Amino acid sequence: MNPQAKLISSLSLLLGTTLTISSNHWMMAWTGLEINTLAILPLISKSHHPRAIEASTKYFLTQATASTLLLFSSTTNAWFTGQWDITQLTHPTSCTLLTLAISMKLGLVPFHFWFPEVLQGSSLMTNLLLATIMKFPPTTLLFMTSSSLNPTLMSTLAIASAALGGWMGLNQTQIRKTLAFSSIAHLGWMTIILIYYPKLTLLTFYIYSLTTAAIFFTLNNINTLKLSTMMTAWTKTPSLAAMLMLVLLSLAGLPPLTGFLPKWMIIQELIKQELTTMATIITLLSLLGLFFYLRLAYCATITLPPNSVNYMKQWQINKPINMLTTTLTTLSIMLLPLSPMILSIP
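What counts, and where the lines are drawn
- Residues numbered from 1 in each chain as written.
- Predicted model: local features only at pLDDT ≥ 70, side-chain atom pairs only at ≥ 80, totals over all residues.
- Heavy atoms only, no water.
- Helix = DSSP H or I, 4+ residues; strand = E, 2+ residues; numbered from the N terminus.
- Contact = heavy atoms within 4.5 Å.
- Buried < 20%, exposed > 50% of the residue type's maximum accessible area, 1.4 Å probe, protein only.
- Polar contact = N/O pair within 3.5 Å; in protein donor to acceptor, adjacent residues only side chain to side chain.
- Salt bridge = Lys/Arg side-chain N within 4 Å of Asp/Glu carboxyl O.
- Expected span 1.5 Å × (residues − 1).
- Domains from an automatic or database assignment.
- Buried area = accessible area lost by both parts, 1.4 Å probe.

## Topic: the side chain of N36
Turning to step 1, where the next piece is worked out: Examined against the element boundaries, N36 turns out to sit in helix α2 (residues 26-44).
Turning to step 2, where the next piece is worked out: Once you skip the residues sitting within four places of it in the chain, N36 turns out to touch S12, L13, G16, T17, M134 and P137.

## Re the environment of T132
Turning to step 1, where the next piece is worked out: Along the polypeptide, T132 turns up in the loop between α6 (124-131) and α7 (136-144).
Turning to step 2, where the next piece is worked out: Assessed through its relative accessible area of 8%, T132 is described here as buried.
Turning to step 3, where the next piece is worked out: For the pair T132 and L210, spaced 78 residues apart in the sequence, the C-alpha separation amounts to 8.7 Å.
Turning to step 4, where the next piece is worked out: A polar atom in the side chain of T132 sits 2.5 Å from the backbone oxygen of L128.

## Notes on the pattern of salt bridges
Turning to step 1, where the next piece is worked out: Within the structure shown, the criterion is met by 4 salt bridges.
Turning to step 2, where the next piece is worked out: Close ionic contact of K58 with E117 constitutes a salt bridge, the shortest N to O distance being 4.0 Å. Of the two residues, K58 sits in helix α3 (residues 50-81) while E117 sits in helix α5 (residues 114-120), which places them 59 residues apart along the sequence.
Turning to step 3, where the next piece is worked out: K177 is the partner of E117 in a salt bridge, and the nearest nitrogen-oxygen pair spans 3.5 Å.

## Thoughts on helix α10 (residues 198-222)
Turning to step 1, where the next piece is worked out: For α10, which comprises 25 residues, the first-to-last C-alpha distance of 37 Å matches the rise-based estimate of 36 Å (1.5 Å per residue) to within 8%.
Turning to step 2, where the next piece is worked out: Within α10, 22 of the 25 residues are buried, which leaves the element mostly enclosed by the surrounding structure.
Turning to step 3, where the next piece is worked out: Directly after α10, the chain includes N223, whose backbone phi takes a positive value near 55°.

## Some words on the domain arrangement of the protein chain
Turning to step 1, where the next piece is worked out: The domains assigned to the protein chain are domain 1 (1-122) and domain 2 (150-345).
Turning to step 2, where the next piece is worked out: One C-alpha centre belongs to domain 1, the other to domain 2, and the line joining them spans 25 Å.
Turning to step 3, where the next piece is worked out: With 16 residues of domain 1 at the contact, the number on the domain 2 side is 16 residues.
Turning to step 4, where the next piece is worked out: Carbon and sulfur atoms supply 71% of the area buried between domain 1 and domain 2, which totals about 1400 Å² over both sides.
Turning to step 5, where the next piece is worked out: Contact with domain 2 buries area across many residues of domain 1, yet L108, V109 and Q120 alone supply 39% of it, more than any other trio.
Turning to step 6, where the next piece is worked out: Run the count over domain 1 and domain 2 and you get 1 salt bridge.
Turning to step 7, where the next piece is worked out: At the surface where domain 1 touches domain 2, the tally comes to 5 residue pairs in polar contact (both at pLDDT 80 or more).
Turning to step 8, where the next piece is worked out: Only α4 (92-106) and α5 provide two or more residues apiece to the side of domain 1 that touches domain 2.

Below you can see the structure in the form of structure tokens.
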């Protein structure tokens, strides 16, 4: 890709994200979302492969539809209340339309169909942008309008996303699709607590982004896209494969690791709100995700493909491991002891 075009796309992503998260007017937020959509399209289609072109077309159509619905929601609210302020979303129809629009942008069930296909047709670094940075502006809009949203609708979308993300991730052999369904399941955890404790949604998103970034950087270093090629990672980079196993288990939410913190706090807050049944359901649904995370970790460290003895002595790596990968991996594994300090931040 042309360096100038990549620079323009990157700066446009930064501009669109900043514009959306810092605006109080619906038109400015909508403008930022549109800039983000147009900026990510060249990065998705940069390989000029038919699958990448298909992914960029699906992404554009979905995001354009969601943006139109969001603009219609804000216009309806302004028509009935005279308010363009994001925090003054009070009309019931506008709240429902906004929830559907943001759900489509994020990839929540039942608007999730585009997300695995787009990730499958994109490169790993573009997948990282789609799974983290591109989800931040819509999540911020949900955060700012959390007091106006319908709890029943949000809880239904959350439980459906956690269930489908777990079920659909079980039979995947492509790592990008597996991580796409993992993202859908984590969105369910973020959405279920949004009404009751919005700051916890942002904390969950930050830790999910940190862990996902560590996984994508590691996969990019070992050049792995499928489970069959992940089995060779141990013979080439044993230390990196072992760290990848721990990061995957952290994303699954196992207790000693960083990923356990948001799930632990979400369950605790749901019980405080006397929603024990909901907490039990979403906790049981997370076991589905735990299964395919364990399968990925098993393939990365324990399973070896049938090869000759000489092949087992390949200890070199094609790409040097940069400091960013090491830092992200360490934080995504060992941040749990610092949780009291994280929770004390206002």
